[in-house]
Amino acid sequence: MTESAIPTSQKKALVLFSGGQDSTTCLAWALTHYELVETIGFTYGQRHSVELKARPAIIQELRKMNIEWSRKLGEDHLIDLSLLSSLSETAMTQDIAIQMMENGLPNTFVPGRNLMFFTTAAIVAYRRGLNILVGGMCETDFSGYPDCRDDAIKALQVALNIGMDTRLNLVTPLMWKNKTQTWALAKKLGGEALVNLIVSHTHTCYTGDHTHIHDWGYGCGECPACLLRKRGFEAFQKTKG
Ligand code: ZN
């Protein structure tokens with residue numbers, strides 16, 4: 001092990017935090033489970049920066065919500081990955097309409113994006129002495145992004161640890177949860193206050209609509225991300241009776 005490798009007795013996490021529903025839930029999850037939690041976000045010429053703008057406000061609200069969480073929250077890292085938009089032409093980074101492609105993936109798909117995010121986070125974690133990486137990847141009701149798959153993340157963990165001589169754990173608390181279960185997890189972690197924070201502060205909409213507010217949050221209400229969030233929230237409300 002190299003000198004900057006991390007003692008595994010201390011659980012210090014770096015959370016991939018975009019300012020969306022899933023990553024906010026993951027951040028609350030990490031704050032419940034680990035001693036120190038830092039956050040990392042990426043700019044890469046996203047179509048809309050609404051999500052990124054929400055990040056500092058969400059962190060501030062989480063601090064207010066829970067004194068333990070406030071104590072555990074460490075540095076926030078915002079990394080410029082604008083390289084991604086020059087490598088990849090997709091509806092996520094270019095001004096073109098969102099539609100399904102022939103291979104069944106939406107044209108918002110940026111190939112290898114999550115692999116790049118985790119790899120970049122691993123480099124930051126190495127420098128910061130953090131041994132757990134947390135991401136909101138999900139195989140259950142996702143858009144079919146292959147690098148959200150559990151096997152992809154597990155394989156990447158092995159590759160990173162061999163290639164960097166580290167003992168990093170890549171943790172994905174939402175991997176087998178659907179959107180309804182993700183709302184329920186938020187409730188369990190932080191009660192109605194966290195659910196309300198996610199509704200009012202997080203952003204998921206592909207079109208960047210931050211003018212229309214619904215029971216489930218801001219968004220156009222029609223894009224795939226909005227529909228997923230809306231249906232999940234409605235089912236979650238029903239389970240509450
Ligand atoms: Zn939308």
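J.: Any chance you could break down the packing of helix 1 (residues 21-33) against helix 7 (residues 179-201) for me, citing the residues and the numbers?
T.: Helix 7 packs onto helix 1 with a crossing angle of 75° between their chain directions and a minimal axis gap of 10 Å. Relative to helix 7, the element helix 1 lies roughly perpendicular. Between helix 1, through Gln21, Asp22, Thr24, Thr25, Ala28, Trp29 and Thr32, and helix 7, the contact on the second element is made entirely by Lys179, Thr182, Trp183, Leu185, Ala186, Leu189, Leu194 and Ile198. Grouping the constituent residues of the contact of helix 1 with helix 7 by class yields eight nonpolar, five polar and two charged.

J.: Can you break down the confidence of the model for the protein residue by residue, with the values?
T.: Here the protein averages 87 in pLDDT, and 85% of its residues register 70 or above. A low-confidence stretch, residues 1-8 stays under pLDDT 50, and its non-local contacts, those more than four residues away or across chains, total twelve contacts.

J.: Go over the coordination of the zinc ion with me, naming the residues and quoting the values.
T.: Within the protein, the zinc ion binds to Cys205 (SG), Cys220 (SG), Cys223 (SG) and Cys226 (SG); these donor distances fall in the range 2.3 to 2.4 Å. In this structure, the zinc ion is coordinated by four donor atoms arranged in tetrahedral fashion, with angles at the metal of 105 to 115°. We note that the donor set of the zinc ion lies within a single chain, spaced as C-x14-C-x2-C-x2-C. Comparing cysteine 223 with cysteine 226 shows no difference in burial state: the two are buried.

J.: Which residues make up the side chain of histidine 203, and what values go with them?
T.: Within the fold, histidine 203 resides in the loop between helix 7 and strand 6 (213-214). Those residues in contact with histidine 203 that sit more than four places away from it in its chain are Gly19, Gly20, Val50, Glu51, Gly208, Asp209, His210, Tyr218 and Arg229.

J.: Residues and numbers for helix 8 (residues 224-239), please.
T.: Across its 16 residues, helix 8 extends 23 Å between first and last C-alpha, which sits within 8% of the 22 Å expected from 1.5 Å per residue. Of all the residues in helix 8, the buried ones are Ala225, Cys226, Arg229, Gly232, Phe233 and Phe236. For helix 8, the angular spread of the buried residues around the axis is 140°, confining them to a single face. In helix 8, the exposed positions that point more than 90 degrees away from the buried face belong to Arg231 and Lys238.

J.: Can you tell me about the side chain of threonine 39, naming the residues and giving the values?
T.: If you trace the backbone, threonine 39 turns up in strand 2 (residues 36-43). Residue class for threonine 39 comes out buried when judged on its relative accessible area of 0%. Only 2.7 Å separates the side chain of threonine 39 from the side chain of aspartate 76, close enough to count as a polar contact.

J.: So what's going on with the pairing of strand 1 (residues 12-16)? Which residues, and what values?
T.: Within strand 1, four of the five residues are buried, which leaves it mostly tucked inside the rest of the structure. Taken together, the five bridges between strand 1 and strand 2 define a ladder with parallel strand orientation. Across the sheet, leucine 14 pairs through a bridge with glutamate 38, a residue of strand 2. Handedness of the crossover joining strand 1 and strand 2 through helix 1 is recorded here as right-handed. The pairing of strand 1 with strand 4 (residues 132-134) spans three bridges and is parallel. Paired with alanine 13 across the bridge in strand 4 is isoleucine 132.

What counts, and where the lines are drawn
- Residues numbered from 1 in each chain as written.
- Predicted model: local features only at pLDDT ≥ 70, side-chain atom pairs only at ≥ 80, totals over all residues.
- Heavy atoms only, no water.
- Axes fitted to C-alpha atoms, helices over the stretch in contact; angles between N-to-C directions.
- Helix = DSSP H or I, 4+ residues; strand = E, 2+ residues; numbered from the N terminus.
- Parallel < 35°, antiparallel > 145°, perpendicular 65-115°, else oblique.
- Contact = heavy atoms within 4.5 Å.
- Nonpolar A, V, L, I, M, F, W, Y, C, P; charged D, E, K, R; others polar.
- pLDDT = per-residue confidence, 0-100.
- Donors = N, O, S within 2.8 Å, 3.2 Å for Na, K, Ca; no water.
- Tetrahedral: all angles 85-135°; square planar, octahedral: opposite > 155°, others 65-115°.
- Buried < 20%, exposed > 50% of the residue type's maximum accessible area, 1.4 Å probe, protein only.
- Expected span 1.5 Å × (residues − 1).
- Arc of directions from axis to C-beta.
- Polar contact = N/O pair within 3.5 Å; in protein donor to acceptor, adjacent residues only side chain to side chain.
- Pairing = 2+ DSSP bridges.
- Right-handed = clockwise from strand over helix to strand, strands pointing away.

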